[in-house]
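Structural characterization, general
Each chain is listed here by its residues.
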Amino acid sequence: NSGTSLSAPIVSGTVALMFYAEPNATPDEVYGALCETATPVVDPEHDRTVPDERGDVSGSHGALDAGTAGAYLKEHVTRFKDVTEADWHYNSVMFVGTRGIMNGYNDGQGNFGANDALTRQDAATLIYNLLGRGQGATDHGFADVEAGAYYQTAVNWCADQGIFKGYEDTGTFGVGKFITREELMCVVYNIAAEKGAQVDTGAFYELPDHASTSSWAVNASQWALSAGVIHGMSQPDGSLLLAPQNSTTRAEMAAIMMNSIKAGVLPDVA
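Residues numbered from 1 in each chain as written. Predicted model: local features only at pLDDT ≥ 70, side-chain atom pairs only at ≥ 80, totals over all residues. Heavy atoms only, no water.

Examining the environment of Phe95
- Here Phe95 is to be found in helix H4 (residues 90-98).
- Among the residues examined, Phe95 registers a relative accessible area of 12% and is labelled buried.
- Through-space distance from the C-alpha of Phe95 to that of Glu75 is 8.8 Å; in sequence the pair is 20 residues apart.
- In contact with Phe95, other than residues within four places in its own chain, are Met258, Ile261, Lys262 and Asp268. (Helix = DSSP H or I, 4+ residues; strand = E, 2+ residues; numbered from the N terminus. Buried < 20%, exposed > 50% of the residue type's maximum accessible area, 1.4 Å probe, protein only. Contact = heavy atoms within 4.5 Å.)

Structural data, given as structure tokens:
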């Protein structure tokens, strides 16, 4: 059948579902997804993309494909207001955002906070959500992990799995501390099943500040660079630094998780 009386409620219902799935989508993005994924109509009698007997074209884009339109919107929506295609981290943020691995701030502003530093407990929570998936964990007795805190199970599960370690001298996990780049490289290294495989140490020694890496993080850093899990940090003059002591930003975490998934270290949830 053809006609607005029939199509309007079906298209409207699809649009409602698309906005429900992607609340940050704009009307133009939803409309674009519908048009880009419409199935061409080949029936000359009902194809409104060809002139009728009067030579008029009414402008149909084709037949609605609701499922494909929703999938297209998911891949093309402007997910975060503070992330643009010009940003170096655009692809990685969109990668983790589309998969629900990392989300923006739940403050109604629609921002990702790409340059904000990531805390150790939030890094553990991201890893747990991807790998732990609701599993329970033994209480490791970290003095700074509050009972009932949103990160409690995640921290204890990561400790159970040997992914994260606390600070032995204080008996704490480091809640509230920002996770450094070398600490995060150790975390991914601890997850990797084939960390004993051949490692090309060249990428590590090529970075001029490699010597600032803590002794306990050297093996993990060499592996992470060799596996493509992490790359040097670009400087204004075009050079690269490892910056192992720097706090990890949310954008860097997104990039490392994307790289780890593509390298097969972490599972893809797409």
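Let us keep going from here.
Focus on the nonpolar core
- The biggest cluster of nonpolar side chains holds 58 residues, and the ones touching the most others in it are Met102, Phe164, Met253 and Met257.
- Elements with a contribution of two residues or more to this core: H4, helix H5 (120-132), helix H6 (152-160), helix H7 (181-191), helix H9 (218-227) and helix H10 (250-262).
- Setting aside anything within four residues of it in sequence, one finds Met257 in contact with Val96, Ile101, Met102, Leu126, Ile127, Leu130 and Leu266.
- Within the second largest apolar cluster, eight residues are counted, among which are Ala25, Val30, Leu34 and Val77. (Core = buried A, V, L, I, M, F, W, Y, C linked by side-chain atoms within 4.5 Å.)

Comments concerning the packing of aromatic side chains
- Across all of its chains, the model carries seven aromatic pairs by this definition.
- Ring centres of Phe164 and Phe173 lie 5.4 Å apart, and the angle between their planes is 45°; this geometry places the pair in the tilted category. Residues Phe164 and Phe173 agree in their burial class; the two are buried.
- The rings of Phe142, Phe164 and Phe173 are connected pair by pair, giving a single aromatic cluster.
- Above the face of the Tyr105 ring, Arg250 is positioned so that its terminal group lies 4.9 Å from the ring centre.
- When the ring centre of Phe112 is taken as origin, the NZ or CZ atom of Arg250, which lies over that ring, is 4.4 Å away. (Phe/Tyr/Trp six-rings, centres within 6.5 Å; stacked < 30°, edge-to-face > 60°. Lys NZ or Arg CZ within 6 Å of the ring centre and 35° of its normal.)

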